[in-house]
Structure formats: C-alpha cells, structure tokens
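If you want the building blocks of each chain, they are given just below.
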Amino acid sequence: MSASASRPPMGWNSWDCYGTTVTEEEVLANARFLAEHLLPAGWDTVVVDIAWYDPTARAHGYNADAPIVLDALGRQLPDPVRFPSGADGAGFGPLADAVHALGLRFGIHVMRGIPRRAAAQALPIPGTDATTADIADPADVCSWNPDDFGLRLEHPAAQVWLDAQVAQFAAWGVDYLKVDDMLAPYDVAHIEALRRAIDASGREIVLSLSPGTALPLTVAEHVAANADLWRISDDVWDRWEDVAPQFDRLAAWAPVQGRGGWADADMLPLGRIGIRAERGDDRLTRLTQAEQRTLLTLWCIGRSPLMMGGDLPTSPAETIRMLAHPGLMRLHRASRNGRQVLREGDLVVWTAEATDGDATYAAVFHLGDEETRIRVPAVALRAPHAGPATAVDVWDCWDVDPADPLVVPPHGCRLLRFDPT
C-alpha cells in the first residue's frame, strides 16, 4: 500500500458532473473550493476523469475512433483546447503544479491498454525493434469504451511502452492514477504489468482500479498486493436502487479493509451532478437527505474511499457541511473493525471501534420505505462486556438513550458514538 493511501483516499472526481468533457478551468475551480472548504477535513485529491485526451468529447457517451491527442510514442496528451496549459507538449505538468500549490494531490484516469490510434500509426518504441502495432491486441477491446486495444503483454516491448506511459504521468506530477476496464473481467496480467510500471517510475502513485462489477472476494489478496483501492461495483448514481446493494458488498469486503488497500464503493453522487455527464442532465442529486446520510454513513463506517462526484462550487451549502461533518470524518479517519453485525429484514446494524480513543460506534440503518421506530438489542450496539457509556447521535450532535426506540426515516440511519463514562 502506498504511504499516501494508509487511510482511504478522499477527494473530488470530475465524472459525475462533467463526464468526458471537464475543462481545466472547471478542475481548478473545484480544486480551489476543495482546498478552501474541505482540505481541513481530509479531502485532498483532485482527479480528472476519462477522455481528457479527446477533442471531440461530449456528454452522454463516447466517440468511436476519437481523434485522441498523442505524442510521438503514442502516449495520451491532454486536449489543448480544454486544457490550454498542456499545449506544446507540456501535458498535465502545469495543471498538476497548480493543484499541488493548493496543498492538494493530482490524479488522472486512463483506460487499460494502448490507444488504437497509436497502434494504427505503428510508432517506434525506443530501445526495442518493435512498434506500437506489434504490442496492440485488436481483439481485446473494452465492451463500453472504444478508445484502446489491450496490450500483448507476452511481447517484451509491451512492458517497455507501459513503463514509458507511466513515467510520463510521473514526470507530470501525477499522484493518483485511476485505471479502468481492469476488474470486469479481472485482468491479472495487466494489473501486474501496471504495478511494475508504477514501481519503475520512481514516484509514489496511488493506484485505483475500476469497475468492480461482480468482483469476487477470491481476488482480494492479489488486488491488495498490486493496487491501493479497487471498485467493488459498477457505477453508483443518485438512485436508492444503486445505493442499497452496497450494504451487502461492503459487508462482504469489510474484513479486508486496510489490509493492503481499500475496497471502493464508488463515488458520491451528491450535490450538483449531471452537468455534462454520461447519465442524466444537470440536476441536484435525487437522493433524499436521509439517503445521503445513509450513503455517507455506510461509506465511512465501511471505510470506503470517498470521492465527491458533484461540482463543489455550485453544490448546496448543506452538501458541503455533510462532507465536512467533524464527527463523520472522525469515524472515517480513525476507526477500525467496521462490520455488519445484524441484518434482519429492513434493519441493518454496523459497529466500529475508534482508533483515537476508547469510543465505539453503531450505525443503525432502515432500508424500508416508511419511517419507523426501532428498538435495537443492546448487544447489537456494543459488546456484552462493555461498561457504562454515554451515547451521542453523531449527525445531529445530541445525547441519546439507546434503550429508547430510535426514530429512523425511510432509507435513513442513526449513527451513535458511545464514550465510556
């Protein structure tokens, strides 16, 4: 695990609000907002998501045979219209410098493999007798994005080209690399080759793998040995039917959290999203306030990475307050052994232990469609041998008596912290 991923990474990603079309100006606006309002709470990474190299990028989909901007080795360069500081071969170096100057880390997204346009041009691979055409596999194409071919990793020059691609990212100052089309199906050879390329770059780069559709626990040891975080689902959007299945997924992956890396329940579709995105139009999240609290509570007690997907400067102030909530961030930053301890019908209970004191946490979730009053057995909230303690509602900051019924809204939760008396 990279030293900078010793805790679950936290930051902003352009995907949910801008899809393939984000601009340098929009990245910097979100970076400045993050630095001013959320960095003190631990949010420190800014990620430019997919297709930053496509001058024809558009909302609601991808372009076949996109005229990807490439250098002489077939490596992607940022579109100079959307990212003017990257013109004349500067790449993402100037933008990374601007993000670093704010005290933040800089990340980018790429697809697995080599751009098909690089393969078509049969560009030389320095230090070898091969070309980009020799190392590309036209039969290995992502099912949902047409930009790249897979690499023929049995060819020695494929690793040379991949090393050069990651070396360029390192030279730009990239701190976080999200690589897509890696886990569904699970691509052992590409994952290991990417790990070698990052190690050879000489720069500490946090590695995030996506998407996690039907990702089985049988890969846990391998993925943790090669990546810092890995998705455990397909994209999560602002629908309860996307959030609810994450309970089972995070419960299954909870025992491996932090043991080499972090199982990632996906980005937070909160605030203002869909501005020029793949899914839907410009809107505020359709999740209710109760559902937003549930999502954040589950992600935090389950210790998922947190990547805000909404446009920060134009999101409601209430959204920003939730993201910076000190009690919630304390749970995410300083807890261990988060796990599901009870699931009975629409009732789900998770517990965790603080690492910065003797407190324990209990999150009581109600998955039903109507408000309910829940009386949770005391042994489900705290260990049977635990001594006397005071209980505080973390979200609303008031004292509670957990022996009393907890009023929980539909699709809502109550997050309790117990401090020994």
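One can find the structure itself at the top, above this paragraph.
Along each chain, residue indices are assigned from 1 in the same order as the chain's sequence is written. Confidence filtering applies because this is a predicted model: local features only for residues at pLDDT of at least 70, side-chain atom pairs given and counted only at 80 or more, and all residues used for totals across whole chains, interfaces and linings. Only hydrogens and water are removed before side-chain values are computed, so all heavy atoms of the structure are retained for them.

1. What about the overall build of the protein chain?
Reasoning step 1: Per the convention used, a helix needs a DSSP run of H or I reaching at least four residues, while a strand needs a run of E reaching at least two, with both numbered from the N terminus. Tallying secondary structure elements over the protein chain gives 14 helices and 21 strands in all.
Reasoning step 2: Put simply, the radius of gyration uses C-alpha atoms, and a globule should come to 2.2 Å times the residue count raised to 0.38. Over its C-alpha atoms the protein chain spans a radius of gyration of 22 Å, differing by no more than 12% from the 22 Å that the globule rule assigns to 421 residues.
Reasoning step 3: For the C-alpha atoms alone, the extent of the protein chain along its principal axes is close to 75 × 40 × 35 Å.
Reasoning step 4: In what follows, residue pairs with any heavy atoms lying within 4.5 Å of each other are defined as contacts. For the protein chain, long-range pairs separated by at least 24 residues make up 71% of all intrachain contacts whose partners lie at least 6 apart in sequence.
Reasoning step 5: For the protein chain, the computed accessible surface area is about 15900 Å², with 52% contributed by carbon and sulfur atoms.
Reasoning step 6: Just so you know, the count uses Lys and Arg for positive and Asp and Glu for negative, and it drops His and the chain ends. In this description, the location of a charge corresponds to atom NZ of lysine, CZ of arginine, CG of aspartate or CD of glutamate. The distance from the centre of the 36 positive side-chain charges to the centre of the 58 negative ones in the protein chain is 4 Å. Here, Shrake-Rupley sampling with a 1.4 Å probe gives the accessible areas, and only protein chains in the shown set may cover a residue.

2. As for the nonpolar core
Reasoning step 1: Grouped together as the largest cluster of nonpolar side chains are 127 residues, with contacts concentrated most on W43, L209 and W230.
Reasoning step 2: Counting residues per element, this core draws most heavily on helix α6 (residues 156-172), at eight residues.
Reasoning step 3: In this view, L209 contacts V179, M182, L183, I191, L194, V223, A227, L229, W230 and R231; residues no more than four positions away in its chain are not counted.
Reasoning step 4: Nonpolar cores are built from buried Ala, Val, Leu, Ile, Met, Phe, Trp, Tyr and Cys residues. Side-chain atoms within 4.5 Å join them into one set. For every residue, the accessible area (1.4 Å probe, protein chains only) is compared with the maximum for its type, and the residue is labelled buried under 20%, exposed over 50%, or partly exposed between those bounds. By size, the runner-up hydrophobic cluster in this structure holds 14 residues, among which are V349, A380, A391 and L406.

3. Notes on the sheet that holds strand β19 (residues 398-400)
Reasoning step 1: Pairing between two strands requires that DSSP report at least two bridges joining them. If you walk across this open sheet you meet the six strands as β14-β15-β16-β21-β18-β19, and the pairing is antiparallel. Across the chains shown, the open sheet's two edge strands, defined by having one partner strand only, are β14 (335-344) and β19. The sheet shows a mean angle of 25 degrees between the axes of neighbouring strands, taken without regard to direction.
Reasoning step 2: Taken together, the six bridges between strand β16 (residues 360-366) and strand β21 (residues 413-420) define a ladder with antiparallel strand orientation. Bridge pairing in β21 places A363 opposite L415.
Reasoning step 3: Between N-to-C directions, angles cover 0 to 180 degrees, with each direction set by a line fitted to C-alpha atoms, over the stretch in contact for helices. The sheet strands contacting helix α11 (residues 289-301) are β14, β15 (347-354), β16 and β21, and the helix crosses β16 at an angle near 140 degrees.

4. Structural notes on the state of the cysteines
When the sulfur atoms of two cysteines share a covalent bond, that bond is a disulfide.
Reasoning step 1: A pair of cysteine sulfur atoms is labelled a disulfide when the two atoms are within 2.5 Å. Under the counting rule described, the total for this entry stands at zero disulfides.
Reasoning step 2: Cysteine C397 remains unbridged, with the sulfur of C413 as its closest cysteine sulfur at 13 Å.
Reasoning step 3: Taking the relative accessible area as the measure of exposure, C397 reaches 61% and is therefore exposed.
Reasoning step 4: With no disulfide of its own, C413 lies closest to C300 among cysteine sulfurs, the gap being 10 Å.
Reasoning step 5: Since its relative accessible area comes to 8%, C413 is described here as buried.

5. Focus on the sheet that holds strand β1 (residues 10-13)
Reasoning step 1: Strand order in the open sheet made by the eight strands is β10-β9-β8-β7-β3-β2-β1-β13, with parallel pairing throughout. The open sheet terminates on both sides in strands that have one partner only, identified here as β10 (262-264) and β13 (306-308). In this sheet, adjacent strand axes meet at a mean angle of 25 degrees when their direction is disregarded.
Reasoning step 2: Where β1 lies against strand β2 (residues 45-48), three bridges are found, and the strand directions are parallel.

6. Some remarks on the packing of aromatic side chains
A ring pair, where both rings are aromatic, is described by two values, the distance of the centres and the angle of the planes.
Reasoning step 1: Working definition: rings of Phe, Tyr and Trp (its six-membered ring) pair if their centres are within 6.5 Å, and the pair is stacked with planes under 30 degrees apart, edge-to-face with planes over 60 apart, and tilted otherwise. Counted under the stated rule, the structure contains 10 aromatic pairs.
Reasoning step 2: When the centroid spacing of 5.7 Å and the interplanar angle of 90 degrees are considered together, the rings of F92 and W172 count as edge-to-face. Pair noted here: F92 is in the loop between β2 and α3 (93-101) and W172 is in helix α6, with a separation of 80 residues, a long-range link.
Reasoning step 3: In this structure F92 comes out as buried when scored by relative accessible area, which is 1%.
Reasoning step 4: Owing to a relative accessible area of 6%, W172 belongs among the buried residues under this scheme.
Reasoning step 5: Taken together, W52, Y53, F83, F92, F106, F169 and W172 form an aromatic cluster joined through their ring pairs.

7. Re the environment of I191
Reasoning step 1: With respect to the helices, strands and loops of the structure, I191 is situated in helix α7 (residues 188-201).
Reasoning step 2: Its relative accessible area of 0% is what places I191 among the buried residues.
Reasoning step 3: In the structure, I191 is positioned 93 residues away from A98 in sequence and 30 Å away in space, judged by C-alpha atoms.
Reasoning step 4: Excluding residues that lie within four positions of it along the chain, I191 makes contacts with M182, L183, Y186, L209, H222 and N226.

8. Structural notes on the packing of α6 against α7
Reasoning step 1: It is the contact of α6 with α7, at a shortest axis distance of 8 Å, that shows an interaxial angle of 50 degrees. Considered as vectors, α6 and α7 are oriented oblique to each other. Considering only the axes of α6 and α7, their crossing is right-handed. Contact residues: Q159, L162, D163, V166 and A170 in α6; A193, L194, R196, A197, I198 and S201 in α7.
Reasoning step 2: Any residue outside Ala, Val, Leu, Ile, Met, Phe, Trp, Tyr, Cys, Pro, Asp, Glu, Lys and Arg is labelled polar, Gly included; the first ten of those are nonpolar and the last four are charged. Class assignment for the residues of the contact of α6 with α7 results in seven nonpolar, two polar and two charged. Angles below 35 degrees are treated as roughly parallel, those above 145 as roughly antiparallel, those between 65 and 115 as roughly perpendicular, and all remaining angles as oblique. Helix crossings fall into two classes, left-handed where the near helix is turned counterclockwise from the far one by less than a right angle and right-handed where it is turned clockwise.

9. Points about the environment of L367
Reasoning step 1: Mapping L367 onto the fold places it in the loop between β16 and β17 (372-374).
Reasoning step 2: L367 sits in the buried class, given a relative accessible area of 12%.
Reasoning step 3: Residues L367 and V408, spaced 41 residues apart in sequence, show a C-alpha to C-alpha distance of 9.7 Å.
Reasoning step 4: The residues contacting L367, other than those within four sequence positions of it, are W240, F247, R343, D346, V348 and H411.

10. As for the pattern of salt bridges
Reasoning step 1: In what follows, salt bridge is the name for a side-chain nitrogen of Lys or Arg lying within 4 Å of a carboxyl oxygen of Asp or Glu. This model, assessed by the stated rule, comprises 24 salt bridges.
Reasoning step 2: Among the salt bridges present, the one from D187 reaches R112, with a minimum N-O distance of 3.3 Å. Residue D187 is located in the loop between β7 (176-180) and α7, and its partner R112 is located in the loop between β3 (105-111) and β4 (114-115); the two are separated by 75 residues in the primary sequence.
Reasoning step 3: Under the relative-accessibility criterion, D187 is labelled buried at 16%.
Reasoning step 4: When salt bridges with common partners are traced through the structure, they connect R112, D140, D181 and D187 into a single cluster.

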